[in-house]
Amino acid sequence: MKIAILDDEPVYLDLVQGIIEDFAKKNRIIYEIKKYQYSRELLWDLEEGVYYDAYILDIQMPDMNGMELAHAIRLKYQEPFILFVTSYLKYSLKGYEYGIFRYIMKESVQEELPPALEEMKKKIAGRSQQFYTIETQSVLARMAYEDILYLDVAGKYVYFHTK
């Protein structure tokens, strides 16, 4: 499971990362986490084609808010889970326009994030047949079969051409 966490507060980045790591270890899940403090950094990775199974986003950010980022994610990918972990309830209804998986208040993240991860794990397992996974010691990459246009084989290398 590949997860991006976005929050401008380092304490919440570390808290969410710890919750995910505990969950992954208890469930024997291979995971990769990348933390972002700035929306634009996550947006750059998104534009470069970096794919995450889940995006855990704060809404209130100094540069680009989480809603705008969720919109950008949905323009590029339909499959990933988007969870908002925030202190602002006023945006909850708007989030459903972008297919938000969960909306979790920061003060209850320790109680509410593990059940959300459990549900996500089940849903990902159900659709794992629809992805080609490349796994090495340092990289975990997934490509939707529907995004693969064709493969080139050159010697011992295989090149994936995608949408």
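Residues numbered from 1 in each chain as written. Predicted model: local features only at pLDDT ≥ 70, side-chain atom pairs only at ≥ 80, totals over all residues. Heavy atoms only, no water.

Asks: Help me understand the overall build of the protein in this model?
Replies: Counting its regular elements, the protein contains five helices and nine strands. Secondary structure elements of the protein, listed N to C terminal, follow the sequence β-α-β-α-β-α-β-α-β-α-β-β-β-β. For the protein, whose C-alpha radius of gyration is 16 Å, the value lies close to the compact-globule estimate of 15 Å for 163 residues. Projected onto its principal axes, the C-alpha coordinates of the protein cover approximately 55 × 35 × 25 Å. In the protein, buried positions account for 44% of the 163 residues. Taking as baseline every contact in the protein between residues at least 6 positions apart, the subset at least 24 positions apart corresponds to 55%. For the protein, the computed accessible surface area is about 9,400 Å², with 51% contributed by carbon and sulfur atoms. (Helix = DSSP H or I, 4+ residues; strand = E, 2+ residues; numbered from the N terminus. Rg over C-alpha atoms; globule rule 2.2 N^0.38 Å. Buried < 20%, exposed > 50% of the residue type's maximum accessible area, 1.4 Å probe, protein only. Contact = heavy atoms within 4.5 Å. Areas by Shrake-Rupley, 256 points an atom, 1.4 Å probe, with all protein chains shown as cover.)

Asks: Quick question: what am I supposed to make of the layout of surface pockets here?
Replies: Rolled over the atoms, a probe with the dimensions of a water molecule shows which regions are left empty. Of the volumes computed, that of the largest pocket is approximately 420 Å³. Along its surface, the largest pocket is lined by 18 residues, and G49, Y51, Y77, D147 and T162 are the ones closest to its centre. If one sorts the elements of the lining of the largest pocket by residue count, strand β7 (residues 140-144) sits on top with five residues. A per-class count over the lining of the largest pocket returns eight nonpolar, three polar and seven charged. The calculated volume of the second largest pocket comes to roughly 270 Å³. Taken together, 12 residues form the lining of the second largest pocket, with M1, I29, I30, I124 and R142 sitting closest to its centre. Sorting the residues of the lining of the second largest pocket by element identifies α5 (109-127), β6 (131-135) and β7 as the ones contributing at least two each. (1 Å grid on protein atoms, 1.4 Å probe; cavity = no way out; pocket = protein on both sides within 12 Å on 5 of 7 lines; lining within 4 Å. Points joined across faces, edges and corners; volume = space filled by probe spheres on them. Nonpolar A, V, L, I, M, F, W, Y, C, P; charged D, E, K, R; others polar.)

Asks: Help me out: how do you make sense of the pairing of β6 in this one?
Replies: As judged from the five bridges shared by β6 and β7, these two strands associate in the antiparallel manner. Looking at the pairing, I134 lines up with A141 of β7. Connecting β6 to the next strand, β7, in antiparallel fashion are four residues. (Pairing = 2+ DSSP bridges.)

Asks: In this structure, what is going on with the packing of aromatic side chains? I would like to understand it.
Replies: For any pair of aromatic rings, geometry is given as the distance between the ring centres together with the angle between the planes. In total, this model carries seven aromatic pairs according to the counting rule given. Both rings, one in Y52 and one in Y55, keep their centres 5.5 Å apart while their planes meet at 80°; by these two values the pair is edge-to-face. Accessibility classification places Y52 together with Y55 in one group, the buried group. When the ring centre of Y38 is taken as origin, the NZ or CZ atom of R40, which lies over that ring, is 4.9 Å away. Over the aromatic face of F101 sits the side chain of R102, whose NZ or CZ is 5.3 Å from the ring centroid. (Phe/Tyr/Trp six-rings, centres within 6.5 Å; stacked < 30°, edge-to-face > 60°. Lys NZ or Arg CZ within 6 Å of the ring centre and 35° of its normal.)

Asks: How should I be thinking about the sheet that holds strand β4 (residues 81-86) in this particular structure?
Replies: Neighbouring strands of a sheet are bound in pairs by backbone hydrogen bonds; such pairs are parallel or else antiparallel. Taken together, the five strands give an open sheet; going across it, the order is β2-β1-β3-β4-β5, and neighbouring strands pair in parallel fashion. Edge strands, defined here as strands with exactly one partner in the open sheet, are β2 (32-36) and β5 (102-105). Across the sheet, the mean angle from the axis of one strand to that of its neighbour is 15°, orientation sign disregarded. In the packing of helix α2 (residues 39-47) onto the sheet, contacts are made with β1 (2-6), β2 and β3 (54-57), and the angle to β2 comes to roughly 135°. (Axes fitted to C-alpha atoms, helices over the stretch in contact; angles between N-to-C directions.)

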